[in-house]
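In case you want the letters, here they are:
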Amino acid sequence: MVDKKCSKNFQKQFCNHTSVDQNGFPLYRRRNDGHFVEKSGVHLDNRNVVPYNKYLLRKYQAHINVEWCNQGSSIKYLFKYINKGPDRATVVVEQSNNDCNNNDTVDEINEYYDCRYLSACEASWRIFKYDVHYRYPYVVRLPFHLPGQQQIVYGEDDDIDDVLDKPSVASSMFTAWMECNAVNGDARKLTYVEFPTKFVWQRGDRIWKPREVGKCIGRIHSVSPNLGEAYFLRILLNKVKGPKSFEEIRTVNGEEYSSFRDVCYALGLLDDDKEYIDAIKEASHSGSGFYLRFLFATLLMCNSMSKPEVVWENTWEYLADEILYNQRRRFKSPDLSLNEDQLKNLTLFEIEQVLLRNNSTLKNYKNMPIPDVDSVSSSNNRLITEELDYDIPVMKTEFDRMFLALTNEQRHIFLDIMGAVKENKGSVFFVYGYGGTGKTFLWKTISAAIRCDGHIVLNVASSGIASLLLHGGRTAHSRFIIPFELTEDFVCKISRDGDLARLLRKTSFIFWDEAPMVHKHAFEALDRSLKDVFRSENSSNSDIPFGGKVIVFGGDFRQILPVIPGGSRQNIVNASLKWLLDIGEGKLGGINDGETVIDIPDDILINDPHDPIGSLIDFVYPSILEKYNNTSYFQERAILAPKNEVVQEINDRLLSKFPGDEVEYLSSDSICQSEFVHD
């Protein structure tokens, strides 16, 4: 312990009365007055009193006593002194005579301040957010215990086998009471509190025997409601008579309950919490959602409610007030909608924050639901919220309708893809089909099936027009941040901790329509990016294509391939997702040596060598002279040509077949005056 006095006084005393040694250290001496004590055979006189450290004495220029604190009281004093709380200083601010201006009015609020002084150590403690204090309900040694939780007292040097062999482990006073009830009819007429009035505990034999002489009053220590089941068991021990086991204590009218709290509730020993439900509903007329959630958290911490989960189920809609409004403001989306599970989860999260600030948590309340932190994080992610913003019942109805309309081939594809999604092991598919074969219908069916289960589907396309055909469709470049100028080693700019990365982690299925239109470097960039994003979850994902996500590419290789400015045929084929059909793999014709014979199916051939365009017109537009006045006839058919001169030739051939004279209409920037001649 240190006692530091005024440095100036010390220096004066040091210079006048104290000599120094050759090194400049002070020499302290205390005179021997003849009195001494003997300690372990050593005579200690006045010269041995007040030991000091000459280095500290010279460094701090003060009297410093150095003592060995060898008693528990000394250690306790030190800790009490350090942790006694912050010092306080009272500061009074007064006006000077020059500023009074002959005004005798005294404003005590402005002139008197009770300022709190924080020392450097306490300020540092609070800056690092260390616990200022920690308190847990004090557990006394109770004369009863929960099943398998009897208290055992043993020394730190006791052998564990000896501790387990103690009679108190096998039979406690409380369990012996239930054993006595099983064999003694008089005992079954008493509660545990009344039991000592008629029976005596024999410590040596560890049994209860009938009392022969004397009187005794039973008493059970009070138990804090924070102890949960122990609190409810104490209530029952004042009411239940003669139980033979814990199971019998939990049984009411032949029905065994799972907890002592439920037994108390069944016996009417607890309130039905209706007053708390009514209080929250009444407060909702004038209080905000934040106030209601704070009120509910306060009731939890006060252990006022018998069944808080019942109060929650009856009032959660009031407690969730402002949650949807706050989310819409956060995402700047006035049309945002949240389902019931999302609203409940966000509300529980807000209540949990109030409890955590008061050193509590929802985990302390057995049957109360606990917020899913991942779901809360997803709800606060605008991208995830947008992808989950759909009506599941409507989606299920739509899926049932579309699934029944699938062809056999589409159904096989559907089942293969859905099997990969359920296994969640990662797969890559390519669904090939030319226009009109029902690819878009299949995509919609798969998306609806996955979204029915509340999962996320990312629908992207290579072009903006194609993306409009998909529910929630986006272009692949905007969704995955793929630039238009690509290199072989490019990686999408997706941050591992960003909202897009979190969306990709929650995604169950990715579909990319019109895939052959995009350069293969875009797919390679997405592959590298997904592997990088999912590597933090599982290192093995870096070896699986697209990080282990189920991804499906769709399109028609007969249509537009990647556009390579100034590129040759070889450049275009090399940039495509794969070779046209099976030619590049040499599966058609002979060996891929530069000369290959390809068999073209007969159903797509024009066999008329003399007039192929005429044969094509007759095939597409049969009986045109009989149906040219029917608009639906032309809406259902069309001829596509690769060159404008071919288009012009087909149009001329068709127009020549129509009866009547050919009329050419020209546009004009003024109204024709003949429109006003009614004759």
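Residues numbered from 1 in each chain as written. Predicted model: local features only at pLDDT ≥ 70, side-chain atom pairs only at ≥ 80, totals over all residues. Heavy atoms only, no water.

Draft legend 1. Layout of the packing of helix H28 (residues 612-620) against helix H31 (residues 644-657). Their axes nearest at 11 Å, the elements H28 and H31 cross at an angle of 60°. As judged from the angle between their axes, H28 and H31 are oblique. Crossing hand, H28 versus H31: right-handed. Between H28 and H31, the contacting residues are Ile 613, Gly 614, Ile 617 and Asp 618 on the first element and Glu 649, Ile 650, Arg 653, Leu 654 and Lys 657 on the second. Looking at the contact of H28 with H31 residue by residue, the classes come out as 4 nonpolar, 1 polar and 4 charged. (Axes fitted to C-alpha atoms, helices over the stretch in contact; angles between N-to-C directions. Helix = DSSP H or I, 4+ residues; strand = E, 2+ residues; numbered from the N terminus. Parallel < 35°, antiparallel > 145°, perpendicular 65-115°, else oblique. Left-handed = near helix turned anticlockwise from the far one by under 90°. Contact = heavy atoms within 4.5 Å. Nonpolar A, V, L, I, M, F, W, Y, C, P; charged D, E, K, R; others polar.)

Draft legend 2. Main features of the sheet that holds strand S12 (residues 456-461). The 5 strands are arranged S11-S15-S14-S12-S13 in an open sheet whose pairing can be described as parallel. Strand pairing shows two members of the sheet lacking a second neighbour, strand S11 (428-432) and strand S13 (474-475), which therefore form its edges. Summarising the sheet, strand S14 (residues 507-513) and strand S15 (residues 551-555) pair through 3 bridges and their orientation is parallel. What sits directly across from Phe 511, in S15, is Val 552. Together, S12 and S14 form the strand contacts of helix H25 (residues 499-506), whose direction differs from that of S14 by roughly 100°. On top of the sheet, helix H26 (residues 520-534) reaches S14 and S15; it is set at about 170° to S14, its chief contact. (Pairing = 2+ DSSP bridges.)

Draft legend 3. Region of interest: the pattern of salt bridges. Enumeration over the complete set of coordinates arrives at 12 salt bridges. Residue Arg 261 is joined to Glu 309 by a salt bridge in which the shortest nitrogen-to-oxygen separation is 2.7 Å. A residue pair is termed long-range when its members are at least 10 positions apart, and Arg 261 in helix H12 (residues 260-266) and Glu 309 in helix H15 (residues 308-319) qualify at 48 residues. For the pair formed by Arg 261 and Glu 309, the shared burial category is buried. As a salt-bridge pair, Glu 340 and Lys 344 come within 3.4 Å of each other at their nearest N and O atoms. Residue Glu 340 and its partner Lys 344 are both found in helix H17 (residues 340-357); the two are separated by 4 residues, about one turn of the helix. A relative accessible area of 45% means that Glu 340 is categorised as partly exposed. A relative accessible area of 17% places Lys 344 in the buried class. One network of salt bridges, in which partners are shared, links Glu 313, Glu 340 and Lys 344. (Salt bridge = Lys/Arg side-chain N within 4 Å of Asp/Glu carboxyl O. Buried < 20%, exposed > 50% of the residue type's maximum accessible area, 1.4 Å probe, protein only.)

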